[in-house]
Amino acid sequence: MANKQVWTATGRRKKSVAQVKLVGGTGNITVNGVDVNDYFPFATLVMDLKQPLEATNNENRFDIELRVSGGGFSGQAGASRLAIARALLKFDANTDQTREDSYRHILKDSGFITRDARIKERKKYGLKKARRAPQFSKR
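Keep in mind the model is a prediction, meaning the values are calculated, not measured.

Calculation notes
- Residues numbered from 1 in each chain as written.
- Predicted model: local features only at pLDDT ≥ 70, side-chain atom pairs only at ≥ 80, totals over all residues.
- Heavy atoms only, no water.
- Salt bridge = Lys/Arg side-chain N within 4 Å of Asp/Glu carboxyl O.
- Helix = DSSP H or I, 4+ residues; strand = E, 2+ residues; numbered from the N terminus.
- Buried < 20%, exposed > 50% of the residue type's maximum accessible area, 1.4 Å probe, protein only.
- Axes fitted to C-alpha atoms, helices over the stretch in contact; angles between N-to-C directions.
- Parallel < 35°, antiparallel > 145°, perpendicular 65-115°, else oblique.
- Contact = heavy atoms within 4.5 Å.
- Nonpolar A, V, L, I, M, F, W, Y, C, P; charged D, E, K, R; others polar.
- Pairing = 2+ DSSP bridges.

Draft legend 1. Structural detail: the pattern of salt bridges. On inspection of all chains with the given rule, the structure shows five salt bridges. Here Arg 81 makes a salt bridge to Asp 48, at a shortest N to O gap of 2.9 Å. Of this pair, Arg 81 sits in helix H3 (residues 73-91) while Asp 48 sits in helix H2 (residues 43-55), and the two are 33 residues apart along the sequence. Accessibility expressed as a relative area gives 22% for Asp 48, which makes it partly exposed. We note a salt bridge from Arg 118 to Asp 116, for which the minimum N-O separation is 2.8 Å. By relative accessible area, which is 24% here, Asp 116 ends up partly exposed. Taken together, the shared-partner salt bridges in this structure form one network comprising Arg 13, Asp 116 and Arg 118.

Draft legend 2. Seen up close, the packing of H2 against H3. Where H2 meets H3, the axes come as close as 8 Å, and the angle between the chain directions of the two elements is 10 degrees. As the angle between them shows, H2 and H3 are arranged roughly parallel. Contacts between H2 and H3 involve Leu 45, Asp 48, Leu 49, Gln 51, Pro 52 and Leu 53 from the former and Phe 73, Ser 74, Ala 77, Gly 78, Ser 80, Arg 81, Ile 84, Ala 85 and Leu 88 from the latter. Counted by class, the contact of H2 with H3 contains nine nonpolar, four polar and two charged residues.

Draft legend 3. Region of the structure containing the pairing of strand E1 (residues 6-13). Judged by which residues are buried, E1 turns out to be one-sided: Trp 7, Ala 9, Gly 11 and Arg 13 face inward and are buried, whereas Val 6, Thr 8, Thr 10 and Arg 12, on the alternate face, are not. With eight bridges joining them, E1 and strand E2 (residues 16-24) adopt antiparallel strand pairing. Across the sheet, residue Trp 7 finds its bridge partner in E2, namely Leu 22. Where E1 hands over to E2, the hairpin turn is made up of two residues, of which Lys 14 adopts a positive phi near 55 degrees.

Spelled out as structure tokens, the structure:
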């Protein structure tokens, strides 16, 4: 039995963490053991997740196995997108990174390898949320 090459990576967004395994295949994507279209409730989230694959013309080249946890669907889709982009960079690590058609150049120009650092701000005492103060009453 031939040993298949596997590329792994991790992505984070908001409170979500996604771990991805890229294996050569036909383009099947599973999230936590479920098909991607069944896991994510909106087609736009699936489209968002597949953007790095479409940018590098790899939609049907890899089977992708994702394990996501934490946060909501939007954060999980964003974390998955970053994880897939990082795994594609590992796949393309042996090519010359200064070329215009390198995966790093394509993904960086599209903004797929930038970690979105925005997270929820902590709640402060005396306030209802991070910045929402109780309603002011004059009398």
